[in-house]
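Structure assessment
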Amino acid sequence: MKLSKLYSSDSRFEAITFNTDNINAVLATGTKPHSVGKTTLFKLIDYCLIKKSKPKFLEANVFEDFNFYLELELADNSYLTIRRKVKKRTKIAIKVHNAKEDFTSLEDSNFDIIDGYDKVMSFFKEKINFSINGSNIPKYRNYLSYFLREKDDFSHPFMLNKYKKGKDVEWKTIVASMVGLDDTIVRTKYNIEREIESLESEIASLENNSNFSLSDIEVAKETLLLLEAELEEKETLYTNFDFYLKEHHINKELVSEVEENVASLNKERYSLDKKRKLIEQSLMKEQEIDLKKVQKLFTEVNINLSEMLVKSYKDVLEFNDKITKDREIYLQAEHQKIVKRLSDIDESLLTENTKRKELLSVLTDTDTFSKFKKIEQEIVTIKTNISLVEERYKKLREYKCKLRRVKILNKRRDRLVIKLDHSIKTPGDTLVTIKDTFKKLSRTVLGVDAILNIALNSNDNLVFETKVIDTAVILDNSKEEGEAYSRMFCFIFDASIALTYKNQNFFHFIAHDGLFDNLGIEYKKGIVAVLDLLVENGLQYIFTSIEDEIDNEEFLALCKTEYLAKELADTNTQRLFKMDTF
């Protein structure tokens with residue numbers, strides 16, 4: 001993939017056409033070559049290459065109606081244009097085409113896709129189909145900044161500025177992948193180490209705060225078994241006793257009720273039994289009529305017998321017989337009722353007395369209920385202790401699992417380290433090529449031999465270093481020299497990667513912002529020689545520079561003619577955007 005053209009729907013941004021087979025210079029000229037748009041250009045290209053967030057400068061209201069278009073040349077010589085609108089919540093558009101075209105007037109319906117970030121990125125990755133060493137690149141933007149280096153990314157050849165606040169794994173896996181190492185091994189190792197670190201922190205916390213040790217596991221287990229056995233025993237006692245009580249509805253109130261029932265039944269029985277005896281006695285007596293007594297009775301009530309009742313003795317006897325029979329019938333009926341009720345009372349008393357006896361057999365011991373309550377309390381205490389021991393046992397098991405997990409992870413990590421170490425010490429073709437290229441380019445640019453050193457440190461972490469190995473040269477350790485060497489090693493590393501993958505579907509362009517700034521003349525000569533090598537190998541190179549930083553007159557002449565992609569100056573018509581500064 002190469003950069004072909006950057007243009008806009010707004011005439012205040014003049015189109016920049018890049019030569020895909022040559023060097024492209026973006027020169028800042030004039031007496032005030034700074035703040036004319038060199039770095040802004042790189043940020044704009046980065047945005048057009050489907051960066052999720054837009055650069056800060058585009059938040060200015062003046063850019064609200066701008067649409068930007070970046071035309072890319074793909075490996076099959078077809079083209080792909082990306083449209084980015086500045087307005088908020090606007091979708092990204094892509095058009096694939098066979099020849100260079102201007103799509104500022106193209107209707108939305110004629111783009112191949114207009115959608116949100118995720119779907120457009122998926123479409124884009126499918127079209128560019130990046131891969132190195134036979135493996136697809138899932139996140140192409142992770143690699144982009146090594147080939148589109150802004151000024152802030154020249155402080156370290158491998159760790160870009162955006163990764164300085166993150167974890168090393170983010171950039172080391174990318175660099176490992178580019179130099180031909182298995183980035184899966186590197187990432188997996190880092191992930192395992194993070195998990196080990198987390199587990200060891202949890203283990204230390206358990207050991208310090210909970211006084212855990214492996215020997216406690218068996219103690220907790222045995223304690224739990226003992227408590228469960230004791231609980232089972234107590235619950236059996238409780239269940240049996242409680243069942244009996246509930247089955248018979250036994251309590252002190254119930255005993256009082258039974259006793260009251262017995263007393264009431266006995267009282268009633270006594271009364272009925274007395275009546276029964278009286279009735280029986282009455283039925284055994286014969287009723288005789290004594291006329292004298294009758295006469296006396298009548299006289300006592302002032303009734304003249306002779307006048308009121310003139311009856312014969314025979315009539316009186318008949319009357320007496322009749323009354324006696326009626327009375328006997330009544331008494332016999334009443335006797336039967338009493339006998340029946342007495343029989344019922346006897347049965348009830350038998351039942352109540354039996355119940356009373358059973359109740360008293362339990363309640364006569366004054367300690368029975370206190371024992372019952374004690375069992376209840378003991379069960380509660382045992383259950384509480386079981387809960388506590390179970391919780392500790394659970395944590396102890398987790399503790400043991402964490403220790404076992406750490407051991408397993410350490411073994412897996414060690415196996416990965418062995419694989420990684422082997423791939424470093426017995427490098428594959430890709431790594432050999434990159435190292436050789438790096439060494440040759442270092443000789444060309446720096447005039448000394450330098451190597452790309454890859455090793456494992458004392459923590460078995462990957463280390464990427466650039467080292468000068470020419471002992472005949474004593475390097476100046478000043479800040480300026482250090483910054484210059486760092487910038488040149490960035491250039492050499494990027495060029496080494498691009499040259500190594502020149503025949504694979506990868507970035508076939510390198511863009512550097514301000515590479516020549518404050519470099520010595522000899523270094524600049526070496527860089528120019530490498531630029532020619534890049535072009536010879538079909539790679540595109542884009543750079544920004546202040547005109548005065550290019551000391552080589554021949555190269556400067558080419559930069560102002562054949563290589564010139566854009567000339568910038570501090571005027572409203574020659575800045576990157578033809579407007580006042582924003």
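Only a predicted model underlies this, so the values are computations on that prediction, with no experimental measurement involved.

This part is about the pairing of strand β5 (residues 79-85). In terms of burial, β5 is largely enclosed, as six of its seven residues are buried. Pairing of strand β4 (residues 67-73) with β5, which is carried by seven bridges, proceeds in the antiparallel orientation. Looking across to β5, one finds that Leu70 is bridged to Ile82. Counting the residues between successive antiparallel strands, the hairpin from β4 to β5 contains five residues, one of them, Asn77, with a positive phi of roughly 70°. Where β5 meets strand β6 (residues 92-97), five bridges bridge the pair, whose relative direction is antiparallel. Note that in β6 the partner of Leu80 across the bridge is Val96. Here β5 folds back onto β6, and the loop between the two strands holds six residues, one of which, Arg89, carries a positive phi near 60°.

Turning our eyes to something else, we now look at the confidence of the model for the chain. The predicted model of the chain averages 86 in pLDDT, with 86% of residues at 70 or higher. Long-range and interchain partners of residues 476-480, a stretch whose pLDDT sits below 50, account for one contact in this model, where long-range means more than four residues apart.

By the definition in use, this model includes 35 salt bridges. Among the salt bridges present, the one from Arg341 reaches Glu268, with a minimum N-O distance of 2.7 Å. Here Glu268 lies in helix α7 (residues 252-284) and Arg341 lies in helix α10 (residues 313-363), a separation of 73 residues in the sequence. Assessed through its relative accessible area of 30%, Arg341 is described here as partly exposed. When salt bridges with common partners are traced through the structure, they connect Lys189, Glu193, Arg413, Asp414 and Asp460 into a single cluster.

With respect to topology, five strands assemble into an open sheet ordered β10-β13-β14-β3-β15, the strand pairing being parallel. Lying at the two open borders of the sheet, with one neighbouring strand each, are β10 (148-149) and β15 (564-568). In this sheet, strand β13 (residues 509-513) lies alongside β10 in parallel orientation, the contact comprising two bridges. Considered in β13, the bridge of Leu148 is made with Ala511. Docked against the sheet, helix α1 (residues 38-48) engages β3 (23-28), β10, β13, β14 (540-546) and β15, running at close to 140° with respect to β13. Packed onto the sheet, helix α14 (residues 521-536) meets β3, β13 and β14 and runs at close to 135° relative to β3.

Glancing now at unusual backbone geometry. Residues other than glycine seldom take positive phi values, yet Asn77 does so here, at roughly 70°. Within the secondary structure layout, Asn77 lies in the loop between β4 and β5. A positive phi angle, close to 55°, is found at Asn133, a residue other than glycine. With respect to the secondary-structure elements, Asn133 resides in the loop between β8 (131-132) and β9 (135-136).

Turning our attention to the pairing of strand β11 (residues 450-456). Relative to strand β12 (residues 462-468), β11 runs antiparallel, the two sharing seven bridges. Among the inter-strand pairings, Asn453 is bridged to a residue of β12, identified as Glu465. The antiparallel pairing of β11 with β12 creates a hairpin that spans five residues between the two strands, and Asp460 there sits at a positive phi of about 65°.

On to the sheet that holds β6. The strand order β2-β1-β4-β5-β6-β7 describes an open sheet built from six strands, whose pairing is antiparallel. Edge positions in the sheet fall to β2 (16-17) and β7 (113-115), since each has one partner strand and no second. Each of β1 (2-8), β2, β4 and β5 is contacted by α1, which is oriented at about 100° to β1, the strand it contacts most. Against the sheet, helix α2 (residues 117-128) makes contact with β4, β5, β6 and β7, and its axis sits at roughly 20° relative to β6, the strand it touches most.

The next thing to look at is the nonpolar core. If you look at the biggest cluster of nonpolar residues, it comprises 142 residues, and the most contacted ones within it are Met1, Phe124, Tyr140, Val179 and Phe506. Ranked by residues supplied to this core, first place goes to helix α11 (residues 368-425) with 13 residues. Setting aside its immediate chain neighbours within four residues, Phe506 contacts Met1, Phe130, Ile132, Ile137, Tyr143, Phe147, Met178, Ile497 and Tyr501. Core analysis: the second largest hydrophobic core is formed by ten residues, Val258, Val262, Leu265 and Ile279 among them.

You can see Arg575 is positioned in the segment after β15. With residues up to four places along the chain from it excluded, the contact list for Arg575 reads Val36, Leu568, Ala569, Asp570, Asp580 and Thr581.

We now examine the packing of helix α4 (residues 168-178) against helix α5 (residues 183-209). As a packed pair, α4 and α5 sit with axes 8 Å apart at the nearest point and diverge in direction by 160°. The pairing of α4 with α5 is recorded here as roughly antiparallel in orientation. Between α4 and α5 lies a crossing whose hand is right-handed. Contacts between α4 and α5 involve Asp168, Val169, Glu170, Lys172, Thr173, Ala176 and Ser177 on the former and, on the latter, Asp183, Val186, Arg187 and Tyr190. For the contact of α4 with α5, the residue count by class is four nonpolar, two polar and five charged.

Basis of the calculations
Residues numbered from 1 in each chain as written. Predicted model: local features only at pLDDT ≥ 70, side-chain atom pairs only at ≥ 80, totals over all residues. Heavy atoms only, no water. Buried < 20%, exposed > 50% of the residue type's maximum accessible area, 1.4 Å probe, protein only. Helix = DSSP H or I, 4+ residues; strand = E, 2+ residues; numbered from the N terminus. Pairing = 2+ DSSP bridges. pLDDT = per-residue confidence, 0-100. Contact = heavy atoms within 4.5 Å. Salt bridge = Lys/Arg side-chain N within 4 Å of Asp/Glu carboxyl O. Axes fitted to C-alpha atoms, helices over the stretch in contact; angles between N-to-C directions. Core = buried A, V, L, I, M, F, W, Y, C linked by side-chain atoms within 4.5 Å. Parallel < 35°, antiparallel > 145°, perpendicular 65-115°, else oblique. Left-handed = near helix turned anticlockwise from the far one by under 90°. Nonpolar A, V, L, I, M, F, W, Y, C, P; charged D, E, K, R; others polar.

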